[in-house]
Amino acid sequence: MALTLAWSAAAQTQPATGTRVERRRSVTIASTSAEPMPVVHVAADSPTLFLFSSPIQRKTLTFDESRIRVLDAGERSVIIQPLANLGEGERQELGVFFADSRAPARASFVLMTVPAEVDSRIDVQRPEPPNPACPPTAQTLAPKPEDFVLLGYVGKAGVTTSIRKDRGDSAQGLELQSVVSYRGAGWILMDVCQS
């Protein structure tokens, strides 16, 4: 009798054969098309909720309507459910664009059915933006004349120049041939030619 009770207690703690374990988890979407899309496990008998960290454009949802149905789509959420369990090795794609202009602009997922588990809730995260302290190197454009005025480097008086030639001064074997100085609002630039 003790053996029967022990076996009965052990059978109650294990999930029944054929039932799927429901999971709640966070996924980070791919930041480029070269990275793999996150895989989400779906089942016909269980809806899957996607909660997005940013508002989405509901009208941009893409999926195979013959295999997947959307139960509800909100400002930051989508609830889906397959019409039938996806076949072994079958992969469906679900995608949606975000409403803001941050990158990545689109969230994409691979949907699959597996016997052991189903994702009941997916918290969708975007990858962190690059560190603003180290921005990517961008080509700097050549400044335009109006940039100097807008930045306050040139005032009403403009830029004054003065030229000095053949100073004849020498120091440590170097002799100045000419000096051109440019003066603006709060700055001086000198062009020195030595021999």
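Scroll up a little and you will see the structure.
Residues numbered from 1 in each chain as written. Predicted model: local features only at pLDDT ≥ 70, side-chain atom pairs only at ≥ 80, totals over all residues. Heavy atoms only, no water.

Enquirer: Hey, could you run me through the sheet that holds strand 4 (residues 68-73) in this one?
Expert: Whether parallel or antiparallel, the strands of a sheet pair through hydrogen bonds between backbone atoms. Strand order across the open sheet formed by 5 strands is 1-8-3-5-4, with mixed pairing between neighbours. The sheet is open, and its two edges are formed by strand 1 (21-28) and strand 4, each paired on a single side. Each strand axis lies, on average, 20 degrees off the axis of its neighbour in the sheet, ignoring direction. Pairing of strand 4 with strand 5 (residues 77-82), which is carried by 5 bridges, proceeds in the antiparallel orientation. Bridge pairing in strand 5 links D72 to I79. (Pairing = 2+ DSSP bridges. Helix = DSSP H or I, 4+ residues; strand = E, 2+ residues; numbered from the N terminus. Axes fitted to C-alpha atoms, helices over the stretch in contact; angles between N-to-C directions.)

Enquirer: It is not clear to me how the nonpolar core should be interpreted in this structure. Could you clarify?
Expert: For soluble globular proteins, the rule of thumb is that nonpolar side chains tend to be buried together. Residues F50, F52, I80, F109 and L111 are the most contacted members of the largest nonpolar core, which totals 20 residues. For this core, the secondary-structure elements that each account for two or more residues are strand 3 (48-52), strand 5, strand 6 (92-97), strand 7 (106-112) and strand 8 (117-125). A per-element tally of this core places strand 7 first, with 3 residues. (Core = buried A, V, L, I, M, F, W, Y, C linked by side-chain atoms within 4.5 Å. Buried < 20%, exposed > 50% of the residue type's maximum accessible area, 1.4 Å probe, protein only.)

Enquirer: Hey, could you run me through the sheet that holds strand 2 (residues 39-41) in this one?
Expert: Judged by pairing direction, the sheet is mixed, and its 3 strands sit side by side in the order 2-7-6 without closing on themselves. At either end of the open sheet lies a strand with only one pairing partner, and these are strand 2 and strand 6. Along the sheet, successive strands turn relative to each other by an average axial angle of 35 degrees, direction set aside. Bridging between strand 2 and strand 7 involves 3 bridges; their strand directions are parallel. In the sheet register, V39 faces strand 7, and the bridge partner there is V110.

Enquirer: Explain the layout of surface pockets here, please?
Expert: Empty pockets left among the atoms are what a rolling probe the size of a water molecule brings to light. Of the voids in this model, the largest pocket is the one considered here, and its volume is about 200 Å³. Contributing to the lining of the largest pocket are 13 residues, with A30, T32, S33, R106 and S108 lying nearest its centre. (1 Å grid on protein atoms, 1.4 Å probe; cavity = no way out; pocket = protein on both sides within 12 Å on 5 of 7 lines; lining within 4 Å. Points joined across faces, edges and corners; volume = space filled by probe spheres on them.)

Enquirer: Can you help me understand the side chain of S77 in this one?
Expert: Structurally, the position occupied by S77 is in strand 5. Taking relative accessible area as the criterion, S77 reaches 19% and is therefore assigned buried. With residues up to four places along the chain from it excluded, the contact list for S77 reads L49, F50, L51, F52, I56 and D72. (Contact = heavy atoms within 4.5 Å.)

Enquirer: What is the right way to look at a nonpolar patch on the surface in this model?
Expert: Together, F148, L151 and Y153 make up an exposed nonpolar region whose accessible area comes to about 310 Å². Note on placement: F148 falls in helix 2 (residues 145-150). (Patch = residues over 30% accessible without salt bridge, like charges linked within 9 Å, V, L, I, M, F, W, Y side chains within 5 Å. Areas by Shrake-Rupley, 256 points an atom, 1.4 Å probe, with all protein chains shown as cover. Salt bridge = Lys/Arg side-chain N within 4 Å of Asp/Glu carboxyl O.)

Enquirer: Can you walk me through the pattern of salt bridges in this structure?
Expert: Proximity of charged atoms lets side chains of opposite charge pair with each other. Throughout the structure, instances matching the rule amount to 7 salt bridges. The salt bridge partner of E117 is R23, with a shortest N-O separation of 3.2 Å. Placement of the pair is E117 in strand 8 and R23 in strand 1, with a sequence separation of 94 residues. Put simply, R121 and D123 hold a salt bridge, and the shortest N to O gap is 3.0 Å. Three or more residues joined by partner-sharing salt bridges are found here, namely R23, R25, E117 and D119.

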